[in-house]
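# Notes for the structure review
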Amino acid sequence: MRPKLCLLAPNETIANVAKEVINENIINSDVLFIIGNLTNQGVELAKQALKEGAEAIISRGGTFLRIKEEITEIPCVQINVSTIDLLEALYQASNFSNKVGVVGYPNTIYQASSIGKFLRLEIIEIAIEDPTVFPERLIEEIGKGLKVIVGDTISTDFASSLGIHSILISSGKRAIYEALSQAQDLAVLRRKEAISQQRLYMILNNLSEGILATDSEHRVTHSNPATERYLGLSVSEMLGQHVKAILPGKHHNDELITIRDQQYILNLEPIENRGVMNGEVFTFKPIKEIQDLETKLRKKLHSRGLVTKFSFKNIIGNSQTLSTCIQKAKRISKSNATVLITGQTGVGKEMFAQSIHNESPRALGPFVAVNCASFPESILESELFGYVEGSFTNARKGGKMGLFELSHKGTIFLDEIGDMSLSVQAKVLRVIQEKEVVRLGDDSVIPVDIRVIAATNVDLWSAVNDGRFRQDLYYRINVLRLEIPPLYERDQDLILLAEKFLNQLAPNIEVQEGAFTPLLDHNWPGNVRELYNFIEQLAVLHEGDRLDEGHIRRFLSSNTRSKEISAIENLRNFSGRLTDAEIFEVLELCHGNQTAACEILGINRSTLWRRLKKIENK
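Residues numbered from 1 in each chain as written. Predicted model: local features only at pLDDT ≥ 70, side-chain atom pairs only at ≥ 80, totals over all residues. Heavy atoms only, no water.

## Thoughts on the overall build of the protein chain
Along the protein chain, the regular secondary structure elements total 24 helices and 24 strands. Looking at the protein chain as a whole, 44% of its 618 residues are labelled buried. Sequence-distant contacts, at least 24 apart, represent 63% of the contacts inside the protein chain between residues at least 6 apart. Total accessible area on the protein chain is roughly 33100 Å²; 49% of this is exposed by carbon and sulfur atoms. Taking the average location of the 70 positive side-chain charges in the protein chain and that of its 78 negative ones, the two points are 3 Å from each other. (Helix = DSSP H or I, 4+ residues; strand = E, 2+ residues; numbered from the N terminus. Buried < 20%, exposed > 50% of the residue type's maximum accessible area, 1.4 Å probe, protein only. Contact = heavy atoms within 4.5 Å. Areas by Shrake-Rupley, 256 points an atom, 1.4 Å probe, with all protein chains shown as cover. Lys, Arg positive; Asp, Glu negative; His and termini not counted. Charge placed at Lys NZ, Arg CZ, Asp CG, Glu CD.)

## Here we look at the sheet that holds strand E14 (residues 339-342)
Within the open sheet, the five strands sit side by side as E15-E18-E21-E14-E22. Their pairing is parallel. The open sheet has two edge strands with one neighbour each: strand E15 (367-371) and strand E22 (480-483). Ignoring strand direction, the axes of neighbouring strands in this sheet form an average angle of 20°. Bridging between E14 and strand E21 (residues 450-456) involves four bridges; their strand directions are parallel. Pairing of isoleucine 341 across the sheet is with alanine 455, part of E21. Of the strands in this sheet, E14, E15, strand E18 (410-415), E21 and E22 are in contact with helix H13 (residues 349-359), which crosses E18 at around 165°. (Pairing = 2+ DSSP bridges. Axes fitted to C-alpha atoms, helices over the stretch in contact; angles between N-to-C directions.)

## Digging into unusual backbone geometry
In this structure, aspartate 261 takes a positive phi of about 65° despite not being glycine. Position of aspartate 261 among the secondary structure elements: in the loop between strand E11 (255-259) and strand E12 (262-273). With a phi close to 55°, glutamate 416 is a non-glycine residue in the positive phi region. Taking the relative accessible area as the measure of exposure, glutamate 416 reaches 24% and is therefore partly exposed.

## Section: the pattern of salt bridges
All told, the structure shown has 21 salt bridges when counted by the stated rule. For the salt bridge of glutamate 178 with arginine 174, the shortest nitrogen-to-oxygen distance reads 3.3 Å. Remark: arginine 174 and glutamate 178 occur in helix H8 (residues 173-206); sequence separation between them is four residues, near one turn of the helix. Its relative accessible area of 38% is what places glutamate 178 among the partly exposed residues. Between aspartate 449 and arginine 362 there is a salt bridge whose closest N-O contact spans 2.7 Å. (Salt bridge = Lys/Arg side-chain N within 4 Å of Asp/Glu carboxyl O.)

## A look at the nonpolar core
Counting 32 residues, the largest nonpolar core has Leu384, Phe404, Leu414, Val428, Phe469 and Ile477 as its most contacted members. Looking at this core, the elements that each hand over two or more residues are E15, helix H14 (377-385), helix H15 (403-406), E18, helix H16 (422-434), E21, helix H17 (460-465) and helix H18 (471-477). Counting residues per element, this core draws most heavily on H16, which supplies five residues. If near-sequence neighbours (up to four positions away) are discounted, isoleucine 477 is found in contact with Thr338, Val339, Leu340, Ile417, Ile432, Ala454, Leu460 and Phe469. Counting residues in hydrophobic clusters, the runner-up holds 25 residues, among them Leu65, Ile74, Phe134 and Leu146. (Core = buried A, V, L, I, M, F, W, Y, C linked by side-chain atoms within 4.5 Å.)

## With respect to the packing of aromatic side chains
Counted according to the given criterion, the structure contains eleven aromatic pairs. Centroid distance phenylalanine 501 to tyrosine 532: 5.0 Å. Interplanar angle 80°. Geometry classified as edge-to-face. Residue phenylalanine 501 is located in helix H19 (residues 491-505), and its partner tyrosine 532 is located in helix H20 (residues 527-541); the two are separated by 31 residues in the primary sequence. An angle of 70° between the planes, with centres 5.6 Å apart, marks the rings of tryptophan 524 and phenylalanine 534 as edge-to-face. Here the residue tryptophan 524 occupies a position in the loop between strand E23 (510-511) and H20, and phenylalanine 534 occupies one in helix H20, the gap between them amounting to ten residues. (Phe/Tyr/Trp six-rings, centres within 6.5 Å; stacked < 30°, edge-to-face > 60°.)

## What about the environment of isoleucine 379?
Along the chain, isoleucine 379 falls in helix H14. For isoleucine 379, a relative accessible area of 38% gives the class partly exposed. For the pair isoleucine 379 and aspartate 185, spaced 194 residues apart in sequence, the C-alpha to C-alpha distance is 64 Å.

## With respect to the sheet that holds strand E10 (residues 220-223)
Strands sit in the order E10-E9-E13-E12-E11 across an open sheet of five strands; the sheet is antiparallel. Pairing within the sheet leaves two strands with one partner each, and these edge strands are E10 and E11. The average undirected angle you get between the axes of adjacent strands in this sheet is 30°.

## Quick look at the state of the cysteines
Defined simply, a disulfide is a covalent bond joining two cysteines at their sulfur atoms. With the rule as written, the count across this model stands at zero disulfides. In this structure cysteine 6 is not part of a disulfide, and its nearest cysteine sulfur, from cysteine 76, lies 9.8 Å away. Residue cysteine 6 is classed as buried on the basis of its relative accessible area, which comes to 0%. (Disulfide = S-S within 2.5 Å.)

Here it is, written out as structure tokens:
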């Protein structure tokens, strides 16, 4: 949009010259012309033009002086007197007297004095920098014999009223063109500055950091709304105050200060120009807001896998053992202490972990689950702690945030923690104790606020005795212990779960009453997970739309024999140290026949007896 200029012309002649200049030259502005005797009306007309959107005002002589004093919102540009314009006016004045009064600014008077020498004129200098003094000065000079003056509209009108000759200095095209060009440049510059100021104002007002600027004497010159909010002070209360009276504590970069019982981190930057200090800019922000922003950023960048799917209402069962376990888990939820969840494979340890998280004060934070048995040691370490760029071969450019960092303000679930190597255990222990993480390849410490829930299906204390698990870590994670009951202790829930699973997977199959009773004859070593898999197979392989007890019994018998054969084949080549869980699994597959179990395990009866006795005495 083109700038809007206002030209206050004292007469029609100057207005017409200005119009000719605009037609003959490139003036990329819209010009409003106001013509007339502006002695008394100039300021009011200029103010009206300002209201109508004028971005610069052009005038001359006394009218310009008055407007410049009254209007400061927009640029005011004077139409200067050119040498030719002054020469013509002086030449006309010489027809009346060789003594000529020149009314104007110092630069106009200096030019007139120089030109007057060539025209053999005596120049009487009458400055109009102070319009209130001009009338008395002119009357004084008339008393000394002055008969003619040269000046602007106001001065020539006043001189005429006193009965002496007056010559109006006209304004030529060059002077008017220069004034229009200058006004246009100033209007464009002012518009750019206004946009820049508005942009800066919006930035400062929308910044969440508090900002204070000071002068060379450390007194406040600027602030933003965040500063008012944090300090509880208005702008008027801060301006002119010494910064130490407003910001307590030491003033250094990354300094912690306390304001109104809340901690802030403070930074400052000097305002320096050619080696001279002209003040400082202070920025400060509540630590809590920084932590909250970090949490939001972490959740936004790594949203995958950070949300839970289960709560206590998703845990199915009416048995007393399960109800007791759920009530204990709900009490555990209210604490921030580390939790160790134990139980056989497939009992739903992660479901309980998610439910505890959802019932806790951290429910709105991230939930990060990691299966410690599913990663090799080196990969598990980089996944848990993260790494910086170049820390190892094939490290991601820019590094990577670890799972502990992702869990900030939330919960991390370390499933199968017993399979973690001793070296990784040592680092996990430090995170739990110190609440801080160091990325691989880095030496900087990253504070984290997390709750750890660990889970295992093996006897960790045996692992401690065998040197496979750190005793100090065991005590750290075993603060609150939750044991999930196996499915064989929940006969009351087994049929309920089976019915629900089948209804989810094959809602069109009609189940006769008592159809699932044969399920009670099986021990379900894989617990709920095994039961779900069994029902899923049943839903896919069963032919027909009705299901009775006979169908279940036949399918269960076939399915169990198949699993036993597969398990025995997998265990025959076993060469490592047997775990308690594996011994029990083989005994269950052999229906308690210890001789058959020993054959599969590759051990003698006495060894098996000692292991069982040791387990019994734990």
